[in-house]
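Reading the structure
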Amino acid sequence: MPTQGPQQFAMAERPGKWILVVLSVFLVMTAKDLISSRSQTSASSSDNIDNNNKVKSSPPLTPDANIIGGDAHFPTTKKISTMKFYYCISCGYAKAYQEYASLISENFPNVIVSGENYSTGTVRSLIANALNIARMGIIFLIIMNKNPFVYFHMATPQVWFWLTQHKIPGCLLIFFITNTLEANLMSSGAFEIFLNGKQIWSKLETGRVPSHQELLRMVAGNTQFGDDMMYMDKY
């Protein structure tokens with residue numbers, strides 16, 4: 001029987017090194033996505049808890065107690081109201097939500113603010129999940145040097161030969177392409193605001209997020225505030 005020389009042993013060891021390198025890069029990128037997603041979710045949860053604590057602990061304020069920019073007085077109310085933000089996390093709107101939630105909590109302590117990711121729909125979510133599974137499957141096949149086209153009696157495209165011959169750049173290319181497609185599927189561009197179940201702003205319709213003053217006026221102008229509207233003639 002023919003014996004394997006040193007060069008053949010070296011070639012046999014290369015796939016093992018490639019597997020470790022590619023898997024390490026893949027795990028680092030996946031961990032980064034998970035940490036980023038958890039941080040955004042925890043930030044939203046902490047905002048909701050802080051707002052609930054403010055409602056319980058803050059004493060009722062007089063209309064003159066809230067001052068915006070030194071001269072703008074926004075009314076407060078003893079009634080508890082709820083404000084809900086639906087925003088696009090993949091668009092980077094989590095920071096904008098936190099900014100607006102802090103603004104509302106500071107000026108309207110009896111408004112409970114919460115927020116969550118705007119759903120793009122079941123179909124898009126299923127496609128995004130399928131892309132995620134396909135990404136892991138393709139990377140696994142590339143690393144293990146398996147040809148899936150053989151099992152389906154199909155001609156192997158040249159791109160597959162390139163991917164298997166250049167495992168590291170090939171796996172990174174597959175990762176970034178599928179990750180970009182997945183992000184586009186989950187991206188809605190939404191920044192929708194609801195007050196007491198009624199929609200008061202839609203970025204999908206207006207094409208922009210409201211300014212601070214616009215949002216404060218919309219909250220102050222809500223009819224639920226009733227007799228506390230004595231200062232609304234200043235706006």
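In this numbering scheme, every chain counts its residues from 1 along its sequence in written order. Only residues with pLDDT of 70 or above have their local features reported here, since the model is predicted, and side-chain atom pairs are shown and tallied only from 80 upward, although totals for entire chains, interfaces and linings are computed over all residues. Heavy atoms throughout the structure, all of them, feed into the side-chain values; hydrogens and water do not.

Among the nonpolar cores identified, the biggest contains 22 residues, and M83, F85, I104, V111, V113, F191 and L215 are the most heavily contacted of them. Those elements giving two or more residues to this core turn out to be β3 (81–87), α2 (94–107), β4 (111–117), β5 (191–195) and α8 (212–220). Secondary structure elements are taken from DSSP: a helix is a run of H or I of four residues or more, a strand is a run of E of two residues or more, and numbering for both begins at the N terminus. Of the residues forming this core, the biggest block, six residues, is contributed by α2. The contact rule is simple, with two residues in contact once any of their heavy atoms fall within 4.5 Å. Beyond its immediate stretch of four places on either side in the chain, M83 contacts I104, V111, I112, V113, S114, I193, F194, L195, I200, L215 and V219. Buried residues of nine kinds, namely Ala, Val, Leu, Ile, Met, Phe, Trp, Tyr and Cys, make up a nonpolar core once their side-chain atoms join them within 4.5 Å. Residue burial is assigned from relative accessible area. The probe radius is 1.4 Å, only protein chains are included, and a residue is buried under 20% of its type maximum, exposed over 50%, and partly exposed in between. With eight residues, the next largest nonpolar core counts W160, L163, C171 and F175 among its residues.

Let us now look at the packing of helix α3 (residues 122–143) against helix α6 (residues 167–186). Across the interface, α3 lies against α6 with an axial gap of 9 Å and an inter-helix angle of 175°. Taken together, the axes of α3 and α6 lie roughly antiparallel to each other. Contacts from R124, S125, I127, A128, L131, N132, R135, I138, I139, I142 and I143 in α3 reach K167, C171, I174, F175, T178, N179, L181, E182, N184, L185 and M186 in α6. Polar here means any residue other than Ala, Val, Leu, Ile, Met, Phe, Trp, Tyr, Cys and Pro, which are nonpolar, and Asp, Glu, Lys and Arg, which are charged; Gly is therefore polar. Here the residues of the contact of α3 with α6 are counted per class, giving 13 nonpolar, five polar and four charged. The axes used here are C-alpha line fits, helices contributing only the stretch in contact, and every angle between their N-to-C directions lies in the interval 0 to 180 degrees. Orientation labels follow simple angle bins: below 35 degrees gives roughly parallel, above 145 gives roughly antiparallel, 65 to 115 gives roughly perpendicular, and whatever is left gives oblique.

Glancing now at unusual backbone geometry. Positive phi outside glycine occurs at N145, with the angle close to 60°. Here N145 lies in the loop between α3 and α4 (148–151).

Looking now at the state of the cysteines. Criterion for a disulfide: a pair of cysteine sulfur atoms at a distance within 2.5 Å. On inspection of all chains with the given rule, the structure shows one disulfide. Put simply, C88 and C91 are joined by a disulfide, and their sulfur atoms are 2.4 Å apart. Residues C88 and C91 are joined through a disulfide that is right-handed, its torsion about the S-S bond being 70°. Given a relative accessible area of 1%, C88 falls into the buried group. Residue C91 is classed as partly exposed on the basis of its relative accessible area, which comes to 29%.

The predicted model of the protein chain averages 75 in pLDDT, with 61% of residues at 70 or higher. Within the protein chain, the element-level pLDDT minimum falls on strand β1 (residues 67–68), averaging 39, and the maximum on β5, averaging 95. Between residues 7–13, whose pLDDT stays under 50, and residues either more than four places distant or in other chains, the model counts two contacts. Think of pLDDT as the predictor's per-residue confidence, scored from 0 to 100. Low pLDDT (under 50) marks residues 41–45, which in the prediction has four contacts with non-local residues, meaning those over four places away or in another chain.

Within the element layout of this structure, V111 appears in strand β4. Under the relative-accessibility criterion, V111 is labelled buried at 2%. Counting along the chain gives 28 residues from V111 to M83, while the straight-line C-alpha distance between them is 6.7 Å.

Another point: the sheet that holds β4. By the convention used here, strands pair only if DSSP detects at least 2 bridges between them. The strand order across the open sheet built from four strands is β4-β3-β5-β6, with neighbouring strands paired in mixed fashion. A single partner strand is all that each edge strand has here, and the edge strands are β4 and β6 (198–202). Direction aside, the axes of adjacent strands within the sheet are offset by 20° on average. Strand direction decides the pairing type here: β3 and β5, joined by five bridges, are antiparallel. Directly across from Y86, in β5, lies its bridge partner E192. Its contacts with the sheet put α8 on β3, β4, β5 and β6, and the angle it makes with β6 is roughly 165°.

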